[in-house]
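Structural overview for review
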Amino acid sequence: MGLSRLAALHGVATSYSPSPDVTVSVPDDTVIAVLAALGVDAGTPADVRKCLAAAESRSRLLPPTVVVWAGEPLPPALAGLPPGSTVTVEPEPSDLPGHPAGRPPAPLSMRARAAAPAEPVASGEPAPEAAPEAVPAPEAAPAPGAAPVGAMTPPGDETAAAPATGGSAPAWWIPPPHGVHRIHVRTPDNRRATATLVAAPPRLPQPPEGTHGFLVQLYSLLSARSWGMGDLGDLADLAAWAGRSVGSGFVQVNPLHAAVPGKPTDPSPYRPSSRRFPDPVHLHVESIPEYGHVRDRAALDDLRQDAAALSEAVLNKGALIDRDAVWELKRQALELVAQVPLTPGRRADYCDFLAEQGQALEDHALWCALAEVHGPDWHTWPEALRAPRSPGTARARSELLDRVDFHCRLAWLTAGQLAAAQRAAEDAGMGVGIVHDLAVGVHPAGADTWSQQEAFAHGMSVGAPPDAFNARGQDWGLPPWRPDVLAATGYAAYRGLLRGLLAHAGALRIDHVMGLFRLWWVPEGRPPTDGTYVAYDAEAMLAVLVLEAHRAGTSVVGEDLGTVAPGVREALARRGVLGTSVLWFERDWEGDGRPLAPEEWRRDCLATATTHDLPSTAARLTGDHVTLRHRLGLLTRSLEEELTADLADTAEWLALLARLRMLPEGDGDEEAAVRAVHRFLRRTPARMTGVWLPDTVGDRRPQNLPGTWDQYPNWRLPIADPEGHPVTLEEITASPRLHGLMEVLRPRKPHTAPPGERRP
């Protein structure tokens, strides 16, 4: 009982429910190990009693981080302050008008007061108006950037703050500007508390209604000029073409996070070294301004020839995408480019970037430099280098200054090309632009876990519990953030991560968005079945997300497939986080299990036929995905049983498409069926419709086959045609099959007469 109580106080579950009618107890050893990762010693009954007594006797006036939503009631921590408490908010530095440069905004001072008691009302008499809780002092005007009391939300503006009227907040409360501030409280009996205050708008910006776009794994998109894999130049070109030629509103890509170097490098974009900085392997080298001024042209020409040979091997000789080989060529070219002096304007831009990124970039670049010398796993480095602030690391920083600068410059160049891709999308008329992807976590040996060691729960890995699809559960090999450290630091690591990702994004996709609420922690050395859920402060995680996305003007799409705890989708929707709806999974699971009609789909989502972890639409329709899994020994039933079940599932959907008259070509035409699937998606109320780019050319190979490692070339395949022959960006954009598919997504244009023939 004591262990369960202690676990509950720290957000650690002692049981979980894989289905509504099943509850599974978590082993005590797991609970003890997870508590230890949170800094709580529960190894013996005496330790449990000691920690429990300390936790229950600890009284906090405020939690470490407090959230206030514009126009909404105050949280209990503030609404329940004793009357007469003084509250002071120190706003974060702001660039808003009225704040002199270099001087912080003036603090907001207020005093908590109790609501006036209601007067008794005799039967039949009209009730008097409620007395105000307090009359604000003359200086109690809304702070710059805050929604004024009683302000109206502009019609159609779903991102504006809700009006802060009557019951929204007590009259003594002065709404601070949106931001992350410090709040100080002193009660009449002289108790004091200080906390981080996150003041967030109530909802995220929303994308335009009915927008469609492409989903693509960037590495798989080779053009005629690629160096063996798709790059940011190809992304900008795809966005420019898609916006202008087929009316697309966005292009969603895989995570472009910095990978852990090594031979071979882990090809998965979802297990990076750092989520805070992009990988320079995505650079289009020839687009760097200094490239044209490299003196050793012969060396560059040799590298370009080698890069052309890499692309030729992938496109025409059946080779897989070789990220290590691509990086080796690009690294050599970038070393030459780095020798070219920057012009005064470019130097100023680089210096601004360094100042803006600060310590985070310096740490990342130093890790990259140290990895070149000591290998990519910092746990194996000399002891003196395993902490970013140690004297030994400081000496290494000085000794490796040139290499640190090189890696800083690569981050700057990559950020510049990310910005160029978003500009290309906007210039092409895209309403959203580039949708970047945020992975669930990072590699345990990478740059983020080295530079932010205190923020991670070492000895733990994120995964998934056993379920109907995977009886053994999953271990993703990603160390989780510690929720207690996030709260104590005002979510600084999370804020910095989001700010960097959103800087050049039109929108952000969050993989496994349920992780904002809880994550399945697996102790090192134990099977995923021996894990447990650890809760995060979802209110704070959402508030920081909404705040940073609001500042960047971006919308957010959450990947909410699979097991989702009750209330999570509702909480996300309330804050404007779009969900993800995949056609084959959209059934009436609480009723007859039949496919949902288009009008029954949710509105606030990205609707699509598939994702990078699922079969392509052509493979789904033909059953190829079943035979592939059979060849790899992944089926749990006989091939005949699996094919029969798959055929029945597909037939139900095709029958619905036929009833809705979306399949005029009839049965047996796979390309027509792919078009029908997308006609269906377009008819749903979904805000966004995503088209898997390989679907536009009939590719039948999945980019990733979960549950495999060496058996299948995950994350290394170029986009290909139905026969498996790779196709380039140029061939994709000229494909009649693509244009036939995109035609069903075009909005119908009104028929209008030429200007000279219009009637007045």
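A word on the side chain of Thr684
Turning to its location among the elements, Thr684 is positioned in the loop between α19 (670-683) and β21 (688-692). With relative accessibility at 7%, the residue Thr684 sits in the buried group. A distance of 2.7 Å separates a polar atom in the side chain of Thr684 from the backbone oxygen of Leu681.

A short note on helix α17 (residues 624-631)
Within α17, the full set of buried residues consists of His625, Val626 and Leu628. Buried residues of α17, viewed axially, fall in a sector of 160°; they line one side. Note on α17: the residue one or two positions beyond its end, Gly633, has a positive phi of about 70°.

Examining helix α1 (residues 2-9)
Those residues of α1 that fall on the buried side of the exposure criterion are Leu3, Leu6 and Ala7. Down the axis of α1, the buried set is contained in an arc of 100°. They therefore lie on one face. On its buried face, α1 sits against α2 (28-37) and α3 (45-57). Remark: Gly11 follows α1 within two positions and exhibits a positive phi of approximately 75°.

With respect to the environment of Pro207
Its place among the elements puts Pro207 in the loop between β7 (192-200) and β8 (211-216). Dropping the residues within four chain positions of it, Pro207 is found in contact with Val432, Ser555, Leu578, Arg687 and Met688.

What about unusual backbone geometry?
Cis geometry marks the peptide bond from Lys263 to Pro264, where omega comes out at 0°. Relative to the elements of secondary structure, Pro264 occurs in the loop between β10 (257-258) and β11 (274-278). The backbone of Tyr491 sits at a positive phi, close to 60°, despite the residue not being glycine. Relative to the assigned elements, Tyr491 resides in the loop between α12 (483-488) and α13 (492-502). We note that His512 has phi near 50°; this positive angle belongs to a residue other than glycine.

Considerations on the packing of α1 against α2
What describes two packed helices is the angle between their axes and the distance between those same axes. The N-to-C vectors of α1 and α2 enclose an angle of 40°; their axes lie 11 Å apart at closest approach. Accordingly, the angle class assigned to the pair α1 and α2 is oblique. In terms of crossing hand, the pair formed by α1 and α2 is left-handed. In contact with Leu3, Leu6 and Ala7 of α1, α2 contributes Asp28, Val31, Ile32 and Leu35. Classifying every residue of the contact of α1 with α2 by side-chain character gives 6 nonpolar, no polar and 1 charged.

Here's the deal with the nonpolar core
Core analysis: the biggest nonpolar cluster contains 71 residues, and Trp481, Tyr494, Leu516, Trp521 and Leu545 have the highest contact counts within it. Sorting elements by how many residues they give to this core places helix α14 (residues 538-552) first, with 10 residues. Core analysis: the next-biggest nonpolar cluster, separate from the first, contains 56 residues, Leu238, Leu596, Leu621 and Ala686 among them.

Some points on a negative patch on the surface
Judged by side-chain charge, Asp296, Asp301, Asp302 and Asp306 come together as a negatively charged surface patch. Along the chain, the position of Asp301 falls in helix α6 (residues 297-316).

Regarding the packing of aromatic side chains
Following the criterion strictly, the structure yields 14 aromatic pairs and no others. Taking the centre distance of 6.2 Å and the plane angle of 20° together, the rings of Phe214 and Trp241 count as stacked. With Phe214 in strand β8 and Trp241 in helix α5 (residues 232-245), this pair connects stretches of sequence that are 27 residues apart. Each member of the pair, Phe214 together with Trp241, is buried. Summarising the aromatic geometry, the rings of Trp520 and Tyr533 are spaced 5.0 Å apart at their centres and angled 75° between planes, so their arrangement reads as edge-to-face. Placement of the pair is Trp520 in strand β16 (residues 518-523) and Tyr533 in strand β17 (residues 532-535), with a sequence separation of 13 residues. Residue class for Trp520 comes out buried when judged on its relative accessible area of 1%.

A few points about the side chain of His678
Residue position: His678 is located in helix α19. Owing to a relative accessible area of 0%, His678 belongs among the buried residues under this scheme. Excluding residues within four positions of it along the chain, His678 makes contact with Ala609, Val691, Asp695, Leu741, Val744 and Leu745.

With respect to the sheet that holds strand β13 (residues 460-464)
By definition, the strands of a sheet pair up through backbone hydrogen bonds, in either a parallel or an antiparallel sense. Taken in spatial order, the 4 strands line up as β14-β13-β16-β17 in an open sheet, and their pairing is antiparallel. Each edge of the open sheet carries a strand with a single partner, namely β14 (474-478) and β17. For this sheet, the mean angle separating the axes of adjacent strands, direction not counted, is 50°. Two strands pair when backbone bridges link them, and β16 and β17 are joined in this way by 4 bridges, in the antiparallel orientation. Note on β17: the bridge partner recorded for Leu519 is Val534. α2 contacts β13, β16 and β17 of the sheet and is inclined by roughly 105° relative to β16.

Brief notes about the pairing of β8
With respect to burial, β8 is a largely interior element, 6 of its 6 residues being buried. In terms of strand pairing, β8 meets β21 through 5 bridges, oriented parallel. Its bridge partner being in β21, Phe214 is matched across the sheet by Val691. In terms of strand pairing, β8 meets strand β9 (residues 250-253) through 4 bridges, oriented parallel. Pairing of Leu215 across the sheet is with Gln252, part of β9.

Reading the values: rules and limits
- Residues numbered from 1 in each chain as written.
- Predicted model: local features only at pLDDT ≥ 70, side-chain atom pairs only at ≥ 80, totals over all residues.
- Heavy atoms only, no water.
- Helix = DSSP H or I, 4+ residues; strand = E, 2+ residues; numbered from the N terminus.
- Buried < 20%, exposed > 50% of the residue type's maximum accessible area, 1.4 Å probe, protein only.
- Polar contact = N/O pair within 3.5 Å; in protein donor to acceptor, adjacent residues only side chain to side chain.
- Arc of directions from axis to C-beta.
- Contact = heavy atoms within 4.5 Å.
- Axes fitted to C-alpha atoms, helices over the stretch in contact; angles between N-to-C directions.
- Parallel < 35°, antiparallel > 145°, perpendicular 65-115°, else oblique.
- Left-handed = near helix turned anticlockwise from the far one by under 90°.
- Nonpolar A, V, L, I, M, F, W, Y, C, P; charged D, E, K, R; others polar.
- Core = buried A, V, L, I, M, F, W, Y, C linked by side-chain atoms within 4.5 Å.
- Patch = residues over 30% accessible without salt bridge, like charges linked within 9 Å, V, L, I, M, F, W, Y side chains within 5 Å.
- Areas by Shrake-Rupley, 256 points an atom, 1.4 Å probe, with all protein chains shown as cover.
- Salt bridge = Lys/Arg side-chain N within 4 Å of Asp/Glu carboxyl O.
- Lys, Arg positive; Asp, Glu negative; His and termini not counted.
- Charge placed at Lys NZ, Arg CZ, Asp CG, Glu CD.
- Phe/Tyr/Trp six-rings, centres within 6.5 Å; stacked < 30°, edge-to-face > 60°.
- Pairing = 2+ DSSP bridges.

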